[in-house]
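# Summary of the model geometry
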Amino acid sequence: MKTKQPPTALQKMGLDSPMALALHLPSRYEDETELFSIEDALSRGRFASVQTQGLVIRSQVLFRPRRQLLVTIEDDSASLQLRFLNFYPSQQKQMAVGAHVRVRGEVREGFQGVEMVHPTVRAVTPEAVLPSSLTPVYPASAGISQTIIRKAVNQALREPALKESLAEFLPEKLMIEMLPSNDWPNLETAITYLHQPPADADTQALLDRTHPAWRRVQFEELLAQQISLKRAHSIRRQRRAPQFEKSKNKTKSKIEDGLLKALPFKLTGAQELVWAEIGDNLSNAFPMNRLLQGDVGSGKTVVAALAAARAMDHGYQAAVMAPTEILAEQHFLKMKEWFEPLGVTVAWLSGSLKVKDKRLAQEMIESGAAQLIIGTHALIQETVSFAKLGLAVIDEQHRFGVRQRLEIQQRVGSELFYCHQLMMSATPIPRTLAMTYYADLDVSVIDELPPGRKPIVTKVVKAARRDEVISGVHDWLSKGLQAYWVCPLIEESEVLQLQTAVESFEQLTLALPSFKVGLVHGRLKGHEKAAVMAAFKANEIQLLVATTVIEVGVDVPNAALMVIEHAERFGYAQIHQLRGRVGRGSADSVCILMYAEPLSLAAKERLQTLRETSDGFVIAERDLSLRGPGELLGAKQSGDAMLRFVDLQRDAWLIELAQRVADRLLADHVDLVERQLARWLGSRTEFLKA
Ligand code: ADP
Ligand code: MG
């Protein structure tokens, strides 16, 4: 392909093959199919862009009031002034007197009569034919022109190889039976249409992506995704995993029975149920891929611990990975408390360990001396290799990228078998996501909180009433209870964030002299954080000032009051998670959301919703409608896995259709399945297996 641009510009955008170019679909169109005389353009161009052309009869650069280029063009009917406030010498040359140009833009009343400001300009001969299709405008990164992309796409569309790979291969019978209407074009026609829609195309439907051509493309994309998910599902079933059956022999279920006996509470009905589902999966000879979902505080940890116990009873290792050091540490402390009395060796691995300690931990993991391993991302680093990993638990799974979830399999230390995976999350998965990205994931839900939980009363308070809030905290602490004071994450500046936390800490220390105030933030070293948290847990610290590092996992039942400063800066999920830290003990729990004015409409609505409900499902739904599914999927790390043309909310009905067709293809036309995957996903299938 010959272009003036170095080929890397297109390649950088991922447009490195005819297929990639064909699937680089326009974001909008310009209508250059109609040409008006200048006289007609003057009257029609008041509210919409018009196209006209003429001979340049004057071209001058003015310097007052600022440097600008004024050009006049003329045809048989009238003349038109063009004004350019920014221009390049090349444009000046293009519009030199005597040149013939085609221009497109809106006309408006200027100081010196009717004119076009910054029209698009093209040098043409007077006889130049008009395009018969709308002109596509492509998504482009800076420094690459539409002309270059258009040329490349047009060339790609003419490649015989491309035509072949876009060829229809759905059996006609299936299409007639299953596709919704006969106005769906085949894929090649659809793609060509979207790149070059005829002048009379329904541009609104094209923009909304509801046009039959779009539908066909979206359907194909979903079909490929469904096929690959279903394939992942059957591939998983063919993989081998160690079978962990509940042993009837007491000596062989020592750890599990010991844990159950030592627990200071009875499992809730919901916990029993999900544990049964998980236990059932663990007894299979293929790896479990299950999501354990339950609202903040619903008691997911103990279920994970039971699963770990069963794996360990069978002589295998179990690992628990959490996205933050604080959360991982909480798990570590809890698991140590539960398991060490049962003779289990629990190891800790995090990035912040000293080199020597890290090496020691790695050796214990590799030799099998460590039976239960708790840690952060450090667990999936190349230097880690498990002796005999039977179960991986991944907490707050949406905080990890898809790739990272795959990584753990590569650390298992044996190519012969895979470990069971248990993911945990407090964020419910909306139905559309469950049907697409999570289709190969079994889901267990804990839909009941442990008994005795008091609902959390949430109050929304202006920052101007800070003194009142502080005196409320004083009364609270005087009752022998503890509290959190949360300072917001300041994305732009870690220094600023630290500063506000330190300021609040100092102010509160002064205002509450009879109590011990502690401070924990992201800049502290691991052991420093641990020391503060331990002191808080032991009630040596009564008020804990914290940045959002405590967002997840901290568990101190005596701390039932939480004040959140600048609550307007937090998202739904964050506050919901934070708030879940209180309401764990027997005291009435209170969460105070302090906000600074002025409050945006969105923030106001958010705070109001949070005050009215503590139902994680309601909150997750509001959240999803605001942000889209990206965050739930850990999309930051897995952009490639995203559906490009499908909007899960708008196109939900297409998902079911694609699912049905995928089933049919897999049942009756396995040969076609490969072709669909190859043409659509290329190398991206890996991601969908996670
Ligand atoms: P999450 O689901 O948010 O991870 P945790 O597992 O941290 O919740 O549990 C929250 C708290 O509830 C912990 O203190 C835990 O010990 C306690 N808990 C868990 N299950 C029960 C139960 N069945 N009865 C009473 N308390 C429980
Ligand atoms: Mg948890």
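All right, on to the overall build of the protein then. Secondary structure assignment for the protein yields 26 helices and 22 strands. For the protein, the residues scored as buried account for 52% of the 690 residues in total. As displayed, the protein offers around 32200 Å² of accessible surface, 52% of which is attributable to carbon and sulfur atoms.

What follows concerns the nonpolar core. Within the largest apolar cluster, 96 residues are counted, with the highest numbers of intra-cluster contacts made by Phe219, Ile278, Phe339, Leu372, Leu391 and Leu665. Here this core takes ten residues from helix H13 (residues 300-313), the largest share from any one element. With near-sequence residues (within four places) excluded, Phe219 lies in contact with Leu170, Leu179, Trp184, Leu654, Leu657, Ala658 and Val661.

Another aspect to go through is the domain arrangement of the protein. For the protein, the assigned domains read domain 1 (34-130), domain 2 (250-446) and domain 3 (456-613). A C-alpha centroid distance of 29 Å is found between domain 2 and domain 3. Contact residues are listed per partner, giving 14 residues for domain 2 and 16 residues for domain 3. Both faces considered, domain 2 and domain 3 share a buried interface measuring about 1200 Å² in area, 53% of it formed by carbon and sulfur atoms. Summed over the three residues of domain 2 that lose the most area to domain 3, namely Val296, Ile326 and Gln330, the buried surface amounts to 46% of that side.

For the rest of this paragraph, the subject is the packing of aromatic side chains. Inspection of every chain in the model, using the stated rule, returns five aromatic pairs. When the ring of Phe332 is compared with that of Trp348, the centres are 5.3 Å apart and the planes differ by 35°; the resulting orientation is tilted. Of this pair, Phe332 sits in helix H14 (residues 325-339) while Trp348 is found in strand S12 (residues 346-349), placing the two residues 16 residues apart along the sequence. Judged by its relative accessible area of 12%, Phe332 is buried.

Right, let's get into the site of ligand 1. With respect to spatial proximity, 17 residues lie near ligand 1, and among them Lys266, Gly297, Thr301, Arg453 and Asp555 are the closest. Here Gly297 contributes a backbone N or O atom positioned 2.6 Å from an oxygen atom of ligand 1. The backbone of Gly299 places a nitrogen or oxygen atom 3.1 Å from an oxygen atom of ligand 1. For ligand 1, whose free accessible area comes to 570 Å², the fraction covered by protein is 84%. Looking at the shell around ligand 1, its residues break down into four nonpolar, six polar and seven charged.

A few words on the sheet that holds strand S14 (residues 389-394). Either a parallel or an antiparallel arrangement is found when strands of a sheet pair, and the pairing is made through backbone hydrogen bonds. Pairing is parallel across the open sheet formed by seven strands, whose spatial order is S12-S13-S11-S14-S15-S10-S16. Edge positions in the sheet fall to S12 and strand S16 (442-446), since each has one partner strand and no second. For this sheet the average axis-to-axis angle between neighbouring strands, irrespective of direction, equals 20°. Pairing analysis gives five bridges linking strand S10 (residues 289-294) to strand S15 (residues 420-425), with the strands arranged parallel. By the bridge assignment, Asn289 is partnered in S15 with Gln421.

Taking 1.5 Å per residue as the helical rise, helix H15 (residues 355-367) with its 13 residues ought to reach 18 Å, and the 18 Å between its terminal C-alpha atoms agrees with that figure. Those residues of H15 not exposed but buried are Ala361, Gln362 and Ile365. Down the axis of H15, the buried side of the element spans an arc of 100°, and every buried residue falls inside it. Of the residues in H15, the exposed ones pointing more than 90 degrees away from the buried face are Lys356, Leu360 and Ser367. Looking at the buried positions of H15, the neighbouring elements they touch are strand S11 (317-321), S12 and strand S13 (372-375). One or two residues past the end of H15 sits Gly368, with phi positive at roughly 90°.

Reading the values: rules and limits
Residues numbered from 1 in each chain as written. Chains lettered and ligands numbered in written order. Predicted model: local features only at pLDDT ≥ 70, side-chain atom pairs only at ≥ 80, totals over all residues. Heavy atoms only, no water. Helix = DSSP H or I, 4+ residues; strand = E, 2+ residues; numbered from the N terminus. Buried < 20%, exposed > 50% of the residue type's maximum accessible area, 1.4 Å probe, protein only. Areas by Shrake-Rupley, 256 points an atom, 1.4 Å probe, with all protein chains shown as cover. Core = buried A, V, L, I, M, F, W, Y, C linked by side-chain atoms within 4.5 Å. Contact = heavy atoms within 4.5 Å. Domains from an automatic or database assignment. Buried area = accessible area lost by both parts, 1.4 Å probe. Phe/Tyr/Trp six-rings, centres within 6.5 Å; stacked < 30°, edge-to-face > 60°. Near = heavy atom within 4 Å. Polar contact = N/O pair within 3.5 Å; in protein donor to acceptor, adjacent residues only side chain to side chain. Nonpolar A, V, L, I, M, F, W, Y, C, P; charged D, E, K, R; others polar. Pairing = 2+ DSSP bridges. Axes fitted to C-alpha atoms, helices over the stretch in contact; angles between N-to-C directions. Expected span 1.5 Å × (residues − 1). Arc of directions from axis to C-beta.

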